[in-house]
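Now for the letters of each chain:
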Amino acid sequence: MPELPEVETTLRGIAPHIQGQSVSRVLVRNKNLRWPVPAALSSQLPGQTLLEIRRRGKYLLLLTEKGTAILHLGMSGSLRITSLQTPAEKHDHVDIIFANDKVLRFRDPRRFGCVLWTTQPAEQHKLIAAMGPEPLSDEFNGDYLYDLSRSRKCNIKSYIMDSKVVTGVGNIYASEALFSAGILPARQAGRISKPRYQVLAESIRQVLTAAIKQGGTTLKDFTREDGQPGYFKQSLKVYDRAGLDCTVCQQTIKQKVLNQRSTYYCSHCQR
DNA sequence: AGTGCGGCCTGTCCGC
DNA sequence: TGCGGACAGGCCGCAC
């Protein structure tokens, strides 16, 4: 499942191949993604030069002079650099074809992802504008998390998974960061002390940074732009480890559903 | 304003 | 072996 580290891994993989390149054509095989792929993408992106590729949360932004393509990988999406000689497979829904004959191919079996086009500044786009700070930026820290949480009745796990609070923390890394910080996922966000939020902010930062270093986490769907898996799965301490021993205290890792999401934790290490 | 949940999808796995 | 059904997940958009 692509979370922030997987999206960052994808960005780093594709950027060298297509940055500065001119788009020659857009091929949409199936426009029925989370939202329909707009016709404007096919009519306005060709002829444009990719000035920059940026990540905001889990969104990838392909910036050109005329507008910005906004991509999201949903939960089963991936991007590859390929060529037109490579036949498209069943779930390869969109190709962005470049003048250097490279093809950026969007695959998404479950079609929870999206490929959009906007001519306004991307940061003003509805999907981007309301997002909270990047977890790896300076504005994200314990003070920020603490101050914003004071009136919140929801549990800490859904709080840090709220993209308006902080962007890019999904189900896997939320469990991992809470384990690292020693905080039980069900604890009420508004009742956690400032020192614990300092630890949590640092845990989120560290878990994400470590995952990026390992090329993300591959459980089922995720592959990097070159088709290789990410290697962070072997570093997961609690996620998908229900019934196994805690690597710290040897007690059994527990699983429960919180806000319709599988949640993993150690009731001995986390309080 | 904050919270909770439905809905979008397909592949995988389980039990019969 | 085949089949149905549950489940997984990001996250918007709506209802409360």
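Predicted model, so just to flag it, every value in this text is computed and none were measured. (Residues numbered from 1 in each chain as written. Chains lettered and ligands numbered in written order. Predicted model: local features only at pLDDT ≥ 70, side-chain atom pairs only at ≥ 80, totals over all residues. Heavy atoms only, no water.)

### Observations regarding the overall build of chain A
The secondary structure content of chain A amounts to seven helices and ten strands. For 271 residues, the compact-globule estimate of 2.2 N^0.38 gives 18 Å, and chain A sits close to it at 20 Å. When each of the 271 residues of chain A is scored for burial, the buried share is 51%. Just so you have it, chain A exposes about 12,300 Å², and 47% of that area is on carbon and sulfur atoms. Here chain A carries 38 positive and 24 negative side-chain charges, and the mean point of each set is 7 Å from the other. (Helix = DSSP H or I, 4+ residues; strand = E, 2+ residues; numbered from the N terminus. Rg over C-alpha atoms; globule rule 2.2 N^0.38 Å. Buried < 20%, exposed > 50% of the residue type's maximum accessible area, 1.4 Å probe, protein only. Areas by Shrake-Rupley, 256 points an atom, 1.4 Å probe, with all protein chains shown as cover. Lys, Arg positive; Asp, Glu negative; His and termini not counted. Charge placed at Lys NZ, Arg CZ, Asp CG, Glu CD.)

### Focus: the pairing of strand E3 (residues 59-63)
Burial analysis of E3 places five of its five residues in the buried class, which makes it a mostly covered element. Neither face of E3 is open: one carries Tyr59, Leu61 and Leu63, the other Leu60 and Leu62, and all of them are buried. Where strand E2 (residues 52-56) and E3 come together, five bridges link them in antiparallel fashion. When the bridges of E3 are listed, Arg54 appears paired with Leu61. (Pairing = 2+ DSSP bridges.)

### Description of the domain arrangement of chain A
When the domains of chain A are assigned, the result is domain 1 (4-129) and domain 2 (142-265). One C-alpha centre belongs to domain 1, the other to domain 2; they are set 28 Å apart. (Domains from an automatic or database assignment.)

### So, the side chain of Ser149
Take Ser149: it is sitting in helix H4 (residues 142-149). Non-local contacts of Ser149, meaning those with residues more than four positions away in its chain, are made with Tyr159, Ala189, Gly190 and Tyr197. (Contact = heavy atoms within 4.5 Å.)

### A short note on the protein's contact with DNA strand B
Lining the immediate environment of DNA strand B, one finds 13 residues, of which His91, Pro109, Arg111, Lys153 and Cys154 sit closest. Considering DNA strand B, the proportion of its atoms within 4 Å of the protein that are sugar or phosphate atoms stands at 68%. At 2.4 Å from a phosphate oxygen of DNA strand B is found a main-chain nitrogen or oxygen belonging to Lys153. In the environment of DNA strand B, a phosphate oxygen lies 2.9 Å from a nitrogen or oxygen atom belonging to the backbone of Cys154. Of the residues assigned to the surface near DNA strand B, the class counts are three nonpolar, four polar and six charged. (Near = heavy atom within 4 Å. Polar contact = N/O pair within 3.5 Å; in protein donor to acceptor, adjacent residues only side chain to side chain. Nonpolar A, V, L, I, M, F, W, Y, C, P; charged D, E, K, R; others polar.)

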